[in-house]
Structures are given as structure tokens and as C-alpha cells.
Amino acid sequence: MHKTIRIKIQLLILLLTLITFSAAAQKTTFTRQDTLRGSITPEREWWDLTYYHLSVKVNPEDSSFTGSNLVQYRVLQAKQLMQIDLQPPMKISKITQNGEELVVENDGNVWYVSLKKNQNVGDVNELFIEYSGKPKVSRRPPWDGGVSWRKDENGNPFVVTTVQGDGGSLWWPGKDHPYDEPDSMLISVTFPDHLMDVSNGRLRSLEDNGDGTKTTNWFVNNPINNYGVNINIGNYVHWHEIYKGEKGKLDCDFWVLDYNLEKAKKHFKQAKMMLEAFEHWFGPYPFYEDGYKLVEVPYPGMEHQSSVTYGNGYRNGYGGRDISYSGWGEKFDFIIIHESGHEWFANNITNFDEADMWIHESFTNYSENLFVEYFWGKEAGGEYIRGSRLGINNDRPIVGIHGVNYPGSGDMYPKGANMLHTLRQMVDDDEKWRSILRGMNKDFYHQTVKTTQIEAYLIEKTGLPLEGFFKQYLYDTRIPIFEYAIVDGVLRYRWGNVVPEFKMRTKVHINNEVHWLEPSRRWKELELDRKINNVEVDKDFYIASFEVAKLKK
Ligand SMILES: [Zn+2]
């Protein structure tokens, strides 16, 4: 190749690399509003949520919501200024405590409430918030948050909320940060009386208001995460089934549009398969008190707690596609399995900060291959998860930036899942691995947790030195490279592309026999009785291998 052409090509590659890098770079500037939304501010940290009673009237004629939220909380520190979140164009009209109206100051998405009553440590107090407005409309649910004002095939209103990432404060006022959840919640929804509303938890009562509207009262008897709270209003029909699970009888309720009933009754049999597989791997369904629901919606789906929403068209795959490219993704409905998997990882074990969202997505993505393994065997599960590597970009770290409502890369799905699959290989004891997954759901039951807690838990329970492993896979974008060469029948090997602390016991097939190696960044040697002529790293490890030189000797 001509020298100038070569230089030109090198410059082009450099330029492309720079462009790719800047497109994939972490966001580094954040606004004051990002901090108010994403951090535990002094106006949030002094009070602990105990209960919400959210009451909303949904008006399809003018796309507006009118409502109130009773916020009950325990005082942790004696402070008088409180942060309530509600995003424009929604507006708070009045806040009272013990019947007394309070001074409220608005700053973007935040409403500062000056309390009159002395807030004494240990007291349980209530705040009553009245609000209304036309909430942001979602154009592409669930990818952008808001309310969707749709119609079903027969022209009936089909109104749903989706807020992941943007937060519940898009349509209701409260404490919009994942670290704090109320212990229970009552959701009252008023809507046109020819329709039905399905929200979270159990239907306590359904009232006919005699004015063309009805009101449902849904009670959630467990801590619920903010983005899980949802409203689904449509021309629903319903059936009930009981699943005999690990904790006894689990009420399963299915809500679908009237014209999809027959299809749904067949297709939703997968919900019971899901419960069987996931109770095996992760332990009891975490919300027996609230039941399990699958609710049809006009968007792909979302992990709304105890009312998982479904819009995958009653077909297998994701929108009919196998996102694992392995064939196994055609065997099940991605939305039923994935979104329900979140009941264990997202709703039971919830991220403390949006930056820790991989705890939701990596484990749930990983759960898909465990579902495949449960019904079609271990090799099938392996093929599924290895196929999902085609979705990995290694663009930016899986852990996001803390305190500013900023999650990590979309790699938290397939790469996070492959990290866990790799860790399972390192543990090399399937029963132990299953007991760790079940243990997590027991030991972090109904808690909000940080990345550091999950790391410490896995280090303790596996007994493996995983500090560098997590640094590599969660905070770096590089794939470890097993570098090797065979010199006179002796294997020389080392790690390339790794953080200094990186340690991993690695399964390597040498002369078609399994060997466990512990490479370091310095070259090591392995000599066997007979000459080494064939080296292959195990395919279930998400690492690369590179024979640095093919030597004749
Ligand atoms: Zn998910």
C-alpha cells in the first residue's frame, strides 16, 4: 500500500474512532434540576415515606388529570422545609397539613413546602396535596414518559401511563426518587363509567358515582417503587386463576381488551410457566399479598409492580423477533417473561439510584436464559445468552452517574446478563449459584439497594475475589483478552485489556481437556505431560482470546 494512502486511512480511522467515542461518551454536564431530581436532597432526607393515598380523576375529553395525594411520612430529623416533585405542566393548587394551608414555592419540577407544625423526630405526619393539569403526552411509550390517550379497535378510550426514567412526578406529586418507597399505597382512579381502570395491587372496591363516572380503589399492601405506579383505563374484560406456588395460593388476574379474550386465554398460559421457572431460580413471587396481574396496554410493556403491562401482540419473541438470534427467543413471549422477571429484580430488589439500574436490567435480562434453561435445558439457555451478545456495544459503562438521575449504558441488558452468566461459570456449582440468586431475593426483600451492596453480597456468597471483575464489567467498557501463545508445546498466557485489579478463574479447553487458569497481567506458563497444541477459552465466558503469535516450534 502506498504510504500516503496508508496515512490517510489511518487518519480516517482515527477520525471515525473520535466520532464514535464522542457519540458514546458519558454525559458529563448536569443541571441543578438533574441534581434536585436525582439526589437525596436535604429537603428529602429528613422524612421517610410510610403511605400514599393517590386519588386521580382522568378526563379523556380534555386529556387532563385532577387529583390529590395524601402523603404520610415519619420524621427522621426535625426540619421544616420539604421537597415535593411534580413536573410541569402539572400544577399544585394547594397543600395543607392538619387543615392548615401551607406556603409553597415552585422551582421547575420541585415544590418546596414550608411546614408550620413542628416536625418532631418519630412523629408520623400527613400532607394533603391538591393538583391538576394536562400531563405530558407520551409519543413513544414506554420509551418516553407520559400519558397515552389512545383508542382501541372499537373506538373506546384506551388511556395508560408510562414513566420509567422520567418519573411518576410526570402525573402525580410525591417523592420522586427510587431510594424511598411508601410501605403501602391506595390508588383511587375515577374514569368514564363504561370503562375499567386497572392499577397496582388488589381491587378493594369499585364505586359507581352516578354521574357517568366510576372509581376504582386499588390497594398495594407492599412497598412500591415510584415508576411502578400506573393507571390503565380501557374496555377491559378479566379472568382469574390461582397459581399454587412456593408461598401458597397466588391470585393471578388477567385484564385484556374484550376482543382479545380468547387469544389471551391461550397465550397467557406462559405466565404460569414464568412463575414456575422464576420461583425455582429466585424464590417465591415477592408480592403474594398483592397478587400477580398481566394487563393489556397499547405499547410493548413495562414492569409495573403487581400489574405487569403487556402489549406484545400475543406472539412470541419481542415484537415477533428473537433478540437472541439463537432460535430460543421464538419459544416464548419476551414481554411476559422479561417484564414479569422484574417483579424479582426491580420491584422486589429496587435500585437505590438510577445509576444502579443495571440491578434491574442485568438480572432480568439474565432471567430470560434461566427461563429457557428451565424448560429446554442448560445448553439452550447458554445459546440464548451467548446470542444476546450481538446486542452489546461496549460504548459506555453499565453503571451510570449517581445523584443526577442518569443510568448507565443500554449494555446493562445483554452485557450485564453475560457478566452474570460468566460469574456463574466461575462459581461452577449450579446449586450454589441458584441459592445465591434466591438468597438475594430473601436478604434484599423489598429493599432499595446500591451497586456496592450487590457487589459485596456476591463477593461474600461466592467466596471469589470479584472486586476487579466488577470494576472491569460495570465501570469499564473493555472486554478482557486472554492473550496466549504456544512455545515449544508450553502455554504462555496473560490478561490484556484489563483493570489492574482484574482477577478471574477461567475455564480453558487445552488439548480438549478442561483446565482452570488464573491469568494475571504478567505472562504465566503452563506445562503439561504432553505438548500443548490446542487452546480455546470456554464459550460461556464473555471474554476475548488472542493468540499473539503462532509459532512453528
Ligand atoms: Zn427490563
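(A) Up close: the confidence of the model for the chain. Model confidence for the chain is summarised by a mean pLDDT of 95, while 95% of its residues fall at 70 or above. Within the model, pLDDT remains below 50 along residues 1–23, and this stretch shows two contacts once partners closer than five positions in the same chain are excluded.

(B) Layout of the sheet that holds strand β26 (residues 513–517). Here three strands make up an open sheet; going across it, the order is β26-β25-β28 and the pairing antiparallel. Looking at strand neighbours, the two that pair on one side only are β26 and β28 (535–537), the edges of this open sheet. Each adjacent strand pair in this sheet contributes to an overall mean axis angle of 35°, direction not counted. Inspection of the sheet shows strand β25 (residues 506–510) paired to β26 by five bridges, in the antiparallel sense. Directly across from V508, in β26, lies its bridge partner H515.

(C) Structural context of empty space enclosed by the protein. Applying the stated rule across the entire model yields two cavities of 30 Å³ or more. The space that makes up the largest cavity amounts to roughly 100 Å³. Forming the boundary of the largest cavity are 14 residues, of which R37, D176, P178, Y227 and E354 lie nearest the centre. For the lining of the largest cavity, the residue count by class is three nonpolar, eight polar and three charged. Of the volumes computed, that of the second largest cavity is approximately 40 Å³. Lining the second largest cavity are L49, Y52, W172, K175, D180, E181, P182, M185, I224, N225, N226 and V229.

(D) Local environment of the coordination of the zinc ion. For the zinc ion, the full set of protein donor atoms is H338 (NE2), H342 (NE2), E361 (OE) and E361 (OE), and the range of their distances to it is 2.0 to 2.8 Å. In this structure, the zinc ion is coordinated by four donor atoms arranged in irregular fashion, with angles at the metal of 51 to 154°. Motif for the zinc ion, donor spacing along one chain: H-x3-H-x18-E. Accessibility assignment for this pair places H338 and H342 in one class, buried.

Rules behind the numbers
Starting from 1, residues in each chain are numbered consecutively following that chain's sequence as written. Local features in a predicted model are, by the rule used here, given only for residues with pLDDT of at least 70; side-chain atom pairs are given and counted only at 80 or more, and totals for whole chains, interfaces and linings are based on all residues. Remark: hydrogens and water are excluded; side-chain values derive from all non-hydrogen atoms of the structure. For every residue, the predictor states its confidence as a pLDDT score lying anywhere from 0 to 100. The contact rule is simple, with two residues in contact once any of their heavy atoms fall within 4.5 Å. If DSSP finds at least two bridges between two strands, the strands pair. Helical segments are the DSSP runs of H or I of at least four residues, strand segments are the runs of E of at least two, and each set is numbered from the N terminus. Axis angles are defined between N-to-C directions and span 0 to 180 degrees, where every axis is a line fitted to C-alpha atoms and, for a helix, only to the segment in contact. Here a cavity is any set of points on a 1 Å grid over the protein atoms alone where a 1.4 Å probe fits but cannot get out, and a pocket is any open set with protein on both sides within 12 Å along at least 5 of 7 lines; a residue lines the site when it has an atom within 4 Å of a point. Grid points are joined across faces, edges and corners, and a volume is the space filled by probe spheres set on the points. In this classification, the charged set is Asp, Glu, Lys and Arg, the nonpolar set is Ala, Val, Leu, Ile, Met, Phe, Trp, Tyr, Cys and Pro, and all remaining amino acids, among them Gly, are polar. Distances up to 2.8 Å from the metal define which N, O and S atoms are donors, and 3.2 Å serves for Na, K and Ca; water is absent from the atom set, so sites may look incomplete. Geometry is assigned from donor-metal-donor angles: four donors are tetrahedral when every angle falls between 85 and 135 degrees, four are square planar and six octahedral when opposite donors sit over 155 degrees apart with all other angles between 65 and 115, and any other arrangement is irregular. We call a residue buried when its accessible area falls under 20% of the maximum for its residue type, exposed when it is over 50%, and partly exposed in between, using a 1.4 Å probe and counting protein chains only.

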